[in-house]
Amino acid sequence: MSSGPAGQVTGSSLRPSLETTRRTPLRRFLRTVDGITIDAAYDPGTRPSGDLAIVVAHGFTGDLDRPHVRRAADVLSRNAAVVTFSFRGHGRSGGRSTVGDREVHDLAAVVAWARELGHQRVVTVGFSMGGSVVLRHAALHGAAGQEQGQQQGQEHEGRTEARTDAVVSVSAPARWYYRGTAPMRRVHWLVTQPVGRAVTRCYLHTRIHGRGWNPVPASPVESVPLIAPTPLLIVHGDSDGYFPVDHPRMLAAAADGHADLWLERGMGHAENAADDELLARIGAWAATHAG
C-alpha cells in the first residue's frame, strides 16, 4: 500500500469517475495524514440530490458494517450519496482509537475522498463520539479555525478538499471527561483501565490507545464558535442516558444563534435511538443547507 496524502485510495490503482460511482457502490482503504489506514465505503444513493454526499461518522465501538450504521446510511441515501467508514481502531481500519482526538484525521481523509469522487457538496453527520468529531473537524477545516490555528502556531492539514459544507452532530457531548451518568462512567472504565481496554478489544472489537491525550484537544463546545458560517444542526434526545440535555444546550449557546437545535422527545442515544423519520429529516436538512 502507498503512503500518499490523506484521502488517497490505498491498495488499488482504480480512481473511479463520478459517473461510475453514482451507479456502483465502492469499498476502499484510505490513508490519513498521520498514516492510518481507514476502511471506507461509498453508496451512490437511490435518489441523489445533485452533487451532494453525506459522510456518516459512527459512535464509539461502531463500524461501517454494524446494522445500526447501515440502517442510518440506508435512510440518508434517499437524499444523497452516502460515505460510511470505520474510525481508527474500529472494524477493519488500522490503528487504535483515541476516542475523539486524532479521529478528525480519519474524517478529513473520508471527506477528501468524497470530493475526489466528484461531489462538490459534502455534509458530515456524526453520532455520539462521531458527533464530537464532526464538530472538531468543521472547526479545524473552516476559515476561522485555520486562522486561529495559524495564530496559535498549531498545525492543521489546511486542505480545502477536507472542508465540509454543513454539519450535523447527533447525541454529542459538549465537554470532555464527563462522568455524570452511569453509562459514561462505564465508558471511562473501558477506556482508561487496562482490563477495560482488553474487554473492549475482545468483545466490542474496538482497539483503544493506552496513552492519554497530550495535549488535550479542543472540546466540542470550544470548537462550535469556529464553525460559522458553515451551517450546523445539533440533534439530541431528551431521554439520552449518556449525555443530558445541558450538553446540546451548551453547544447551541456556543454557536450564538448560528446553529439549529432539535431536542427530540423520547429519543435515547445516537444511531440506535435515531428512528427512520428523524434520519429522513436530517437527510432533508442536509440537502437543503449544503450550499
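### Structural notes on the packing of aromatic side chains
No. 1: Counted according to the given criterion, the structure contains five aromatic pairs.
No. 2: Grouping aromatic residues by their ring pairs yields a cluster made of Trp-176, Tyr-177 and Trp-213.
No. 3: Residue placement shows Arg-281 over the ring face of Trp-262; its charged tip is 5.1 Å from the ring centre.

### Some points on the pairing of strand β9 (residues 259-264)
No. 1: As defined by bridge partners, strand β8 (residues 232-237) adjoins β9 across six bridges and the pair is classed as parallel. Bridge pairing links His-236 to Leu-263 in β9.
No. 2: Once you follow β8 into helix α9 (residues 246-255) and on to β9, the crossover reads as right-handed.

### Comments concerning the pattern of salt bridges
Pairs can form between side chains of opposite charge once their charged atoms are near each other.
No. 1: A complete count under the given rule lists 13 salt bridges for this structure.
No. 2: In this structure, Arg-102 engages Asp-34 in a salt bridge whose closest nitrogen and oxygen atoms are separated by 3.0 Å. Residue Arg-102 is located in the loop between β5 (81-85) and α3 (103-116), and its partner Asp-34 is located in the loop between β2 (26-31) and β3 (37-43); the two are separated by 68 residues in the primary sequence.
No. 3: Classification of Arg-102 as partly exposed rests on a relative accessible area of 37%.
No. 4: Put simply, Glu-277 and Arg-281 hold a salt bridge, and the shortest N to O gap is 2.7 Å. Linking Glu-277 with Arg-281, this pair stays in helix α11 (residues 276-289), spanning four residues, or about one helical turn.
No. 5: Looking at Glu-277, the relative accessible area reads 46%, which means it is partly exposed.

### Overview of helix α6 (residues 182-192)
No. 1: Turning to α6, its buried residues number three or more, namely Pro-183, Met-184, Val-187, His-188, Leu-190 and Val-191. Buried residues along α6 cover an arc of 160° about the axis, so they all sit on one side.
No. 2: Next to the buried residues of α6 lie α7 (194-203).

Rules used throughout
Residues numbered from 1 in each chain as written. Predicted model: local features only at pLDDT ≥ 70, side-chain atom pairs only at ≥ 80, totals over all residues. Heavy atoms only, no water. Phe/Tyr/Trp six-rings, centres within 6.5 Å; stacked < 30°, edge-to-face > 60°. Lys NZ or Arg CZ within 6 Å of the ring centre and 35° of its normal. Pairing = 2+ DSSP bridges. Helix = DSSP H or I, 4+ residues; strand = E, 2+ residues; numbered from the N terminus. Right-handed = clockwise from strand over helix to strand, strands pointing away. Salt bridge = Lys/Arg side-chain N within 4 Å of Asp/Glu carboxyl O. Buried < 20%, exposed > 50% of the residue type's maximum accessible area, 1.4 Å probe, protein only. Arc of directions from axis to C-beta. Contact = heavy atoms within 4.5 Å.

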